Amino acid sequence: MRIPEDVARTIVSPRAYGAGAPVDEAFTWLRREAPLAVAVPPGYSPFWVVARHADILAVERQNDLFHNGDTFTTLTPIEAGKQVMKMTGGSPHLVRALVQMDNPDHFAYRRLTQAWFMPQNLRQLEARIRELARHFVDHMASLGGTCDFARDVAFLYPLRVVMEVLGVPQIDEPRMLTLTQELFGSADPDVNRSKVADLDPAERVREVQATVVDFMQYFHAMTEDRRKNPRNDLASVIANGQIDGKPLGHLEAMGYYIIAATAGHDTTSATTAGTLWALAERPDQFAKVKNDPALIANLIEESIRWVTPVKHFMRSATADTELAGQKIGKGDWMMLAYPSGNRDESVFDRPFDFDVTRAPNKQLAFGYGAHVCLGQHLARMEMRILWEELLPRLQSVELAGEPKNVEANFVSGPKTVPIRYKMN
Ligand code: HEM
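Residues numbered from 1 in each chain as written. Predicted model: local features only at pLDDT ≥ 70, side-chain atom pairs only at ≥ 80, totals over all residues. Heavy atoms only, no water.

**Quick notes on the side chain of asparagine 361**
Its place among the elements puts asparagine 361 in the loop between α17 (338–341) and α18 (376–390). If we skip the residues at most four places from it in the chain, asparagine 361 touches Glu301, Glu302, Arg305 and Phe348. (Helix = DSSP H or I, 4+ residues; strand = E, 2+ residues; numbered from the N terminus. Contact = heavy atoms within 4.5 Å.)

Next up, the structure:
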């Protein structure tokens, strides 16, 4: 079945993701009427939309049958795709990070930092991350009862954490934040490079490419430095890492830095901002979690489900196959619709309610299988520490204006959350 054009347009529309509700409605319709069907929005090559929780997991589990790297890993309009391939000399990828790789490379490159991201290793960062959380909570208290929680706290704290673990000095953080927002928000005139609305796809690719070049220049210099002076940071692991006895390839090393320096904070910031937005609108949920710190772990899972900052990743089939009763052809492009999986009525009771007591919570916002988010334990830890520090001091909170989301169809979450609050 082919998905009706209005639904297909909605699920790729940056503006619809900014508004939120149209995307929720489109996916609810798809889960009910066409849970695995083909979308052909104008300007895009056809792709299957995998809307149900179980089918998303089924695709992610079979990473030999459904590849990441054979074609574009995120929604890319035809014209933008042509532009990328012109720039790269035929590759669909501007850089080669883990999300663009398949085995055997994926396994080898992931193994390089896997242990670093495991809870045992992260434990040594706990005290420092708590210091940073306290700093931002004090900062919020100093703002005197009104602030934009997104800009004043949620964007800055995960940025500081990930830049410290990566080894980027604090003075360069504003530059990293701007470059990340340009990369993920190329459709949003508030954050893209030229601050222009309705850029055509080729112009957007040119802007994204210029941003990637800026990132590469920065991290190239950092690699040189860490090869000469290794430190106890992630950049040193990447700069001095070896695959089959050789240093990482240039595009692969750059991909590693860029994914950590972008996905490593934007997603966590979006989730943090979205959590306070949800709590400010729901005094009963705020009271529950404030009065029972044991609920913080549930709050984190529920807020990751609620925000689902990564809206999709794409896969392509390596052979003819069948999924959920549909025949998938070799080479077919597939969209894993994470926000849809996280509202699936067959898995979540009252999926459109924000419930800090929800348990179990089988949210799939970190993906699943071989590519499951490498930073998931770090993200959870940062958020746990922030709520442990903030909730005891936050006496009351309400919205002081209209929160807004970034207009983007790949990574998106709140860009402004104005609040009024009392703190001690
Ligand atoms: C709430 C926060 C976050 C969310 C929702 C999130 C979401 C995701 C998703 C959906 C994927 C793809 C998974 C798949 O294909 O199955 C992913 C991959 C990845 N994430 Fe995260 N992420 C978050 C935080 C982080 C952090 C803090 C870091 C690092 C510092 C990070 C680094 C990565 C990396 C390196 C990958 C690629 C893994 C691979 O392909 O093997 N993420 N993330």
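Still more ground to cover, so stick around.
**With respect to the nonpolar core**
In this structure, Ile11, Phe47, Val49, Phe149, Phe219, Trp387 and Ile419 are the most contacted members of the largest nonpolar core, which totals 114 residues. With 13 residues, helix α14 (residues 250–281) is the single largest residue contributor to this core. What isoleucine 419 contacts, discounting residues up to four positions off in sequence, is Met140, Gly145, Thr146, Cys147, Phe149, Leu276, Ala280, Val397, Glu398, Leu399 and Ala400. Formed by 24 residues, the second largest nonpolar core is a distinct cluster that contains Ile56, Leu57, Phe313 and Tyr338. (Core = buried A, V, L, I, M, F, W, Y, C linked by side-chain atoms within 4.5 Å. Buried < 20%, exposed > 50% of the residue type's maximum accessible area, 1.4 Å probe, protein only.)

**Overview of the packing of aromatic side chains**
The tally for this structure, following the rule as stated, stands at 10 aromatic pairs. Arranged with centres 6.5 Å apart and planes meeting at 75°, the rings of tyrosine 44 and phenylalanine 47 form a pair that is edge-to-face. Comparing tyrosine 44 with phenylalanine 47 shows no difference in burial state: the two are buried. Taking the centre distance of 5.8 Å and the plane angle of 90° together, the rings of phenylalanine 47 and tryptophan 333 count as edge-to-face. Of the two residues, phenylalanine 47 sits in strand β2 (residues 47–50) while tryptophan 333 sits in strand β10 (residues 333–336), which places them 286 residues apart along the sequence. (Phe/Tyr/Trp six-rings, centres within 6.5 Å; stacked < 30°, edge-to-face > 60°.)

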